[in-house]
Amino acid sequence: MCRNIKPLFNFDPPATDDEIHDAALQFVRKLSGTTKPSKRNEAAFEQAVMSIAKCAHELLSSLETSQPPRDREEVAAKARARTAIRFA
């Protein structure tokens, strides 16, 4: 899995449309093997991003859990701590 795609479910506040779009963009980049498509493939690339973002939004809004929402700041702090240890 692409390390740049972060879990977006069960956060307080919920994932934004921009976060969902960014995850979809990373996914399409990973699948296509390119970060910037050629002019010829630009429309197909954007269509794929929009389609995946829509599906991801539907998925996130339909998922259910009995767990309390995770705090974004707490999760980010843990990630920073892991990064500091990894690259220290």
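Residues numbered from 1 in each chain as written. Predicted model: local features only at pLDDT ≥ 70, side-chain atom pairs only at ≥ 80, totals over all residues. Heavy atoms only, no water.

- If you look the chain up in an unreviewed UniProt entry, it shows as DUF2277 domain-containing protein from Rhizobium leguminosarum bv. trifolii.

1. Some points on the packing of aromatic side chains
Reasoning step 1: All chains considered together, the criterion is met by zero aromatic pairs.
Reasoning step 2: Positioned above the aromatic ring of Phe-11 is the side chain of Arg-70, whose terminal nitrogen or guanidinium carbon lies 4.2 Å from the ring centre. (Phe/Tyr/Trp six-rings, centres within 6.5 Å; stacked < 30°, edge-to-face > 60°. Lys NZ or Arg CZ within 6 Å of the ring centre and 35° of its normal.)

2. Side note on the pattern of salt bridges
Reasoning step 1: In this structure the tally under the stated criterion is two salt bridges.
Reasoning step 2: The shortest N-O distance in the salt bridge between Glu-19 and Arg-72 comes to 3.0 Å. In this pair, Glu-19 is assigned in helix H1 (residues 17-32) and Arg-72 in helix H3 (residues 72-86), connecting sequence segments 53 residues apart.
Reasoning step 3: Overall, the relative accessible area of 27% leaves Glu-19 in the partly exposed class.
Reasoning step 4: Residues Glu-74 and Lys-78 are paired through a salt bridge, measuring 3.6 Å at the closest nitrogen-oxygen approach. Here the residue Glu-74 and the residue Lys-78 both occupy positions in helix H3, the gap between them amounting to four residues, near one helical turn. (Salt bridge = Lys/Arg side-chain N within 4 Å of Asp/Glu carboxyl O. Helix = DSSP H or I, 4+ residues; strand = E, 2+ residues; numbered from the N terminus. Buried < 20%, exposed > 50% of the residue type's maximum accessible area, 1.4 Å probe, protein only.)

3. Section: the packing of H1 against helix H2 (residues 42-62)
Packed helix pairs are characterised by how far apart their axes lie and by the angle those axes make with each other.
Reasoning step 1: Relative orientation of the contacting elements H1 and H2 amounts to 130°, with a least axis distance of 8 Å. Between H1 and H2, the angle is such that the two are oblique. Like other packed secondary-structure pairs, H1 and H2 cross with a definite hand, here right-handed. Along its contact with H1, which presents Asp-17, Ile-20, His-21, Ala-24, Leu-25, Phe-27, Val-28, Arg-29 and Ser-32, the element H2 presents Phe-45, Ala-48, Val-49, Met-50, Ile-52, Ala-53, Ala-56, His-57 and Leu-60.
Reasoning step 2: Considered class by class, the residues forming the contact of H1 with H2 number 13 nonpolar, three polar and two charged. (Axes fitted to C-alpha atoms, helices over the stretch in contact; angles between N-to-C directions. Parallel < 35°, antiparallel > 145°, perpendicular 65-115°, else oblique. Left-handed = near helix turned anticlockwise from the far one by under 90°. Contact = heavy atoms within 4.5 Å. Nonpolar A, V, L, I, M, F, W, Y, C, P; charged D, E, K, R; others polar.)

4. Looking at unusual backbone geometry
Reasoning step 1: Following Asp-12, the chain continues to Pro-13 via a peptide bond in cis, the omega torsion being 0°.
Reasoning step 2: Counting through the fold element by element, Pro-13 comes out in the loop between strand S1 (11-12) and H1.
Reasoning step 3: One non-glycine residue, Asn-10, adopts positive backbone phi at about 65°.
Reasoning step 4: Note on placement: Asn-10 falls in the segment before S1.

5. A few points about the environment of Ala-77
Reasoning step 1: The topology assignment puts Ala-77 in helix H3.
Reasoning step 2: Expressed as a C-alpha distance, the spacing of Ala-77 and Arg-29, which sit 48 residues apart in the sequence, is 27 Å.

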